[in-house]
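Summary of structural features
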4 protein chains.
Amino acid sequence: MQQFDFSVRVYYEDTDAEGVVYYANYLKFLERARSEWLRQHDLPVSKLASQQHLIFVVRRVEIDYLQAARLDDLLSVSVVVKSLSKAGFVLEQQIKREDVILSKAILKMACLDATKFKPVRIPTEINRMINKEM
Amino acid sequence: MQQFDFSVRVYYEDTDAEGVVYYANYLKFLERARSEWLRQHDLPVSKLASQQHLIFVVRRVEIDYLQAARLDDLLSVSVVVKSLSKAGFVLEQQIKREDVILSKAILKMACLDATKFKPVRIPTEINRMINKEM
Amino acid sequence: MQQFDFSVRVYYEDTDAEGVVYYANYLKFLERARSEWLRQHDLPVSKLASQQHLIFVVRRVEIDYLQAARLDDLLSVSVVVKSLSKAGFVLEQQIKREDVILSKAILKMACLDATKFKPVRIPTEINRMINKEM
Amino acid sequence: MQQFDFSVRVYYEDTDAEGVVYYANYLKFLERARSEWLRQHDLPVSKLASQQHLIFVVRRVEIDYLQAARLDDLLSVSVVVKSLSKAGFVLEQQIKREDVILSKAILKMACLDATKFKPVRIPTEINRMINKEM
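What counts and what doesn't
Residues numbered from 1 in each chain as written. Chains lettered and ligands numbered in written order. Predicted model: local features only at pLDDT ≥ 70, side-chain atom pairs only at ≥ 80, totals over all residues. Heavy atoms only, no water. Least-squares fit on C-alpha atoms with pLDDT ≥ 70 in both. Buried < 20%, exposed > 50% of the residue type's maximum accessible area, 1.4 Å probe, protein only. Helix = DSSP H or I, 4+ residues; strand = E, 2+ residues; numbered from the N terminus. Contact = heavy atoms within 4.5 Å. Salt bridge = Lys/Arg side-chain N within 4 Å of Asp/Glu carboxyl O. Nonpolar A, V, L, I, M, F, W, Y, C, P; charged D, E, K, R; others polar. Pairing = 2+ DSSP bridges. Buried area = accessible area lost by both parts, 1.4 Å probe. Polar contact = N/O pair within 3.5 Å; in protein donor to acceptor, adjacent residues only side chain to side chain. Core = buried A, V, L, I, M, F, W, Y, C linked by side-chain atoms within 4.5 Å. Axes fitted to C-alpha atoms, helices over the stretch in contact; angles between N-to-C directions. Phe/Tyr/Trp six-rings, centres within 6.5 Å; stacked < 30°, edge-to-face > 60°. Lys NZ or Arg CZ within 6 Å of the ring centre and 35° of its normal. Lys, Arg positive; Asp, Glu negative; His and termini not counted.

**A word on the relation of the copies chain D and chain C**
Relative to chain C, chain D is turned by 180° and slid 0.0 Å along the rotation axis, the superposed coordinates differing by an RMSD of 0.0 Å. In short, the pair behaves as if placed about a two-fold rotation axis. Among all C-alpha atoms of chain D, that of D:Glu62 lies closest to the rotation axis, at 2.2 Å.

Have a look at this one:
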């Protein structure tokens, strides 16, 4: 099982009037880490869409907010593949500040045709790449 | 069981390069509906914070993305109370376009002290108000 | 000279850790008002793109931040056409809370082909519609 | 005259249904670069607020949108000090993709008391630090 980690800095744009990161914005951090995980495999999302005509979309999120992130925090966002099927996969993602887990999430991803938005099989080489990480 | 509904229009700011609403932004729509649900009970979030020194925060979200919302869509976002305890409550929220459910979510809410961010009891009158909706 | 007004409520998503609306988010409010101004003329932005194959894009913004908007504020956002040329127009937009002007902006808009992103002439009927408002 | 540069990657969250970065989001990129410029001077915005009880706020933005940024673009955002007064300063910021300027902006910044939101003098040591960059 491999873990990919990506650093995210908290700016004013991410916070709200409570002085902490707004709850929807953690999902942006999760998506940045997923995009970088794909880029690392030479599969940036723009190339996936233009060359393979595919997009990976989120079908379901379960996220627990354990502690709040604050302005200027340097966070670490992880991506771990939990399972893989023909047309999708499940990821576990955590957001940490040093050793403290702030949020943890399980995401169900689906592979869709980029224009018709219909489920399609994950191409063999991508399937193999995701499978190797489990 | 009472249901509160709030209308949300989709603007460019809500969409992404796939031409649909970005997955994190549905959580903004859910929060707008919750804020309006509280305002309807004469409990706008700013008053809750300044007068009662309380905030309601999201502890956990489970959200299923069934169909995508698009630019200019007029959505209806619902709030239904599912359960209530001393320091929190569970809400079910759906996002619809006409009769089609686009997303459905379960949210675990907690009542916190607005500065210390520590769990506190929901004040009696607010507890009663929430209880009436179940 | 006609003025179009649109109401915007401030939610947590709009605010930042200073307790006020984040400076970039006022531009979202301005855009919502412009979208509603077009919708009122039976020209919602999605129809403009799909049927006329046109988009109106912002070429330049000058915005003055005079006073801050806060959580739960009910704002009024105006749209006034200042000038019109073959391929663009200039708008003045203000954001008010009751009678207090919080921000005022001048926006230079251009009419582009929706896929090539090249400047095109504003179609006669739309030009006439915008011209009537001056 | 010194120039500070900061890299920003474009993610789905930044784009809109036109396939390009949403116009308000460029202001987020500008603010990230300003925050990093201050951090580099050992003045992260959270420390500025908590220790010096100060915030730097944007009073006016003039921004020209010359070309669009797109998904996965790696941008470079610059900060250059143009002028300095007792209670504020003027910055020039540009957003580039390689050698192409996508947007350029002039921002009028003010120094405020972090709670009263009233203009205050920039402390001597910070004034000196900003002055050195001109």
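That shown, we press on.
**Focus on unusual backbone geometry**
One non-glycine residue with positive phi stands out, namely A:Glu98, at about 50°. On the basis of relative accessibility, which here comes to 72%, the residue A:Glu98 falls in the exposed class. Phi is positive for D:Phe117, which is not a glycine, with a value near 60°. Take D:Phe117: it is sitting in the loop between strand S5 (100-113) and helix H3 (124-132).

**Focus on the interface of chain D and chain C**
In this assembly, 24 residues from chain D lie in contact with 24 residues from chain C. Counting across the chain D and chain C interface gives four salt bridges. Its salt-bridge partner being D:Arg60, residue C:Asp64 comes within 2.8 Å of it at the nearest N-O pair. Those elements that provide at least two residues to the side of chain D that touches chain C are helix H1 (25-40) and strand S2 (54-65) of chain D. At nine residues, S2(D) tops the list of elements feeding residues into the side of chain D that touches chain C. The residue makeup of the side of chain D that touches chain C, split by class, is 15 nonpolar, no polar and nine charged. Bridge analysis of strand S2 (residues 54-65) of chain C against S2(D) gives five bridges, and the strand direction is antiparallel. Within the sheet, the bridge partner assigned to C:Asp64 lies in S2(D) and is D:Arg60.

**Some details on the relation of the copies chain B and chain A**
The transformation that overlays chain B on chain A combines an axial shift of 0.0 Å with a rotation of 180°, and the residual RMSD is 0.0 Å. Mapped onto chain A, 100% of the interface residues of chain B again fall at the interface, so both copies present the same surface.

**A look at the interface of chain B and chain A**
If you look at the interface, chain B gives 24 residues, while chain A gives 24 residues. At the boundary of chain B with chain A, total buried surface from both sides reaches about 2,200 Å², with 51% on carbon and sulfur atoms. One can count 14 residue pairs in polar contact (both at pLDDT 80 or more) joining chain B with chain A. Of all elements in the fold, only helix H1 (25-40) and strand S2 (54-65) of chain B reach the threshold of two or more residues within the side of chain B that touches chain A. Looking at the side of chain B that touches chain A, the element that brings in the most residues is S2(B), giving nine residues. Looking at the side of chain B that touches chain A residue by residue, the class counts come to 15 nonpolar, no polar and nine charged.

**Quick look at the pairing of strand S3 (residues 74-84) of chain B**
Residue and element names in this part refer to chain B. Pairing geometry for strand S1 (residues 4-9) and S3, over six bridges, is antiparallel. Bridge pairing in S3 places Arg 9 opposite Leu 74. Where S3 lies against strand S4 (residues 88-97), six bridges are found, and the strand directions are antiparallel. Note on S4: the bridge partner recorded for Ser 83 is Val 90. The antiparallel hairpin formed by S3 and S4 contains three residues in its connecting segment.

**Comments concerning the environment of B:Leu91**
Residues and elements named next belong to chain B. In this fold, Leu 91 is placed in strand S4. Between the C-alpha atoms of Leu 91 and Ser 78, which are 13 residues apart in sequence, the distance is 9.7 Å. For Leu 91, the residues in contact, after removing those within four places along its chain, are Arg 34, Trp 37, Val 79, Val 80, Val 81, Lys 82, Ala 105, Ile 106, Leu 107 and Met 109.

**Structural notes on the nonpolar core**
The nonpolar side chains of soluble globular proteins are, as a tendency, buried together. Grouped together as the largest cluster of nonpolar side chains are 100 residues, with contacts concentrated most on A:Tyr23 and B:Tyr23. Grouped together as the second largest cluster of nonpolar side chains are 98 residues, C:Val8, D:Tyr65, D:Val79 and D:Cys111 included.

**Focus on the sheet that holds strand S4 (residues 88-97) of chain D**
As summarised here, the arrangement of the 10 strands in space is S1(C)-S3(C)-S4(C)-S5(C)-S2(C)-S2(D)-S5(D)-S4(D)-S3(D)-S1(D), forming an open sheet in which the pairing is antiparallel. Taken across any chain shown, the strands that pair with only one partner, and hence form the sheet edges, are strand S1 (4-9) of chain C together with strand S1 (4-9) of chain D. Across this sheet, the average inter-strand angle for adjacent strands is 30°, counted without regard to direction. As paired strands, S2(D) and S5(D) are joined by 11 bridges and run antiparallel to one another. Across the sheet, residue D:Tyr65 finds its bridge partner in S5(D), namely D:Ser103.

**Regarding the environment of B:Asp16**
Note on placement: B:Asp16 falls in the loop between S1 and H1. When its relative accessible area of 6% is taken as the criterion, B:Asp16 is described as buried. Apart from residues lying up to four places away in sequence, B:Asp16 is in contact with B:Tyr22, D:Tyr12, D:Thr15, D:Asp16 and D:Ala17.

**Some words on the packing of aromatic side chains**
For the structure on display, the rule yields 24 aromatic pairs over all chains. Measuring from ring centre to ring centre gives 6.1 Å for D:Tyr23 and D:Tyr65, while their planes differ by 55°; the resulting arrangement is tilted. Pair noted here: D:Tyr23 is in the loop between S1 and H1 and D:Tyr65 is in strand S2, with a separation of 42 residues, a long-range link. Side by side, D:Tyr23 and D:Tyr65 carry an identical accessibility label, which is buried. Each residue in the set A:Tyr22, A:Tyr23, A:Tyr26, A:Phe29 and A:Tyr65 is aromatic and connected to the rest through ring pairs, giving one cluster. Sitting over the face of the ring of B:Phe117, A:Arg70 holds its NZ or CZ atom 5.4 Å from the ring centroid.

**Focus: the sheet that holds strand S3 (residues 74-84) of chain A**
With antiparallel pairing, the 10 strands of this open sheet are ordered in space as S1(A)-S3(A)-S4(A)-S5(A)-S2(A)-S2(B)-S5(B)-S4(B)-S3(B)-S1(B). The two strands at the open ends of the sheet, each matched to only one other strand, are strand S1 (4-9) of chain A together with S1 of chain B. With direction set aside, neighbouring strand axes in the sheet form an average angle of 30°. The strands touched by helix H3 (residues 124-132) of chain A within the sheet are strand S2 (54-65), S3 and strand S4 (88-97) of chain A, with S3(A) carrying the most contacts at an inclination of about 115°.

**Things to note about the side chain of C:Glu31**
Structurally, C:Glu31 is set in helix H1 (residues 25-40). The buried charged residue C:Glu31 lacks any salt bridge, with C:Arg34 as its nearest oppositely charged partner at 5.2 Å. Looking at C:Glu31, its side chain comes within polar contact range of the side chain of D:Tyr22, at 3.1 Å. The contacts of C:Glu31, once residues within four sequence positions are left out, are B:Tyr11, B:Tyr12, B:Glu13, D:Tyr22 and D:Tyr23.

This is a description of form; function is not addressed.
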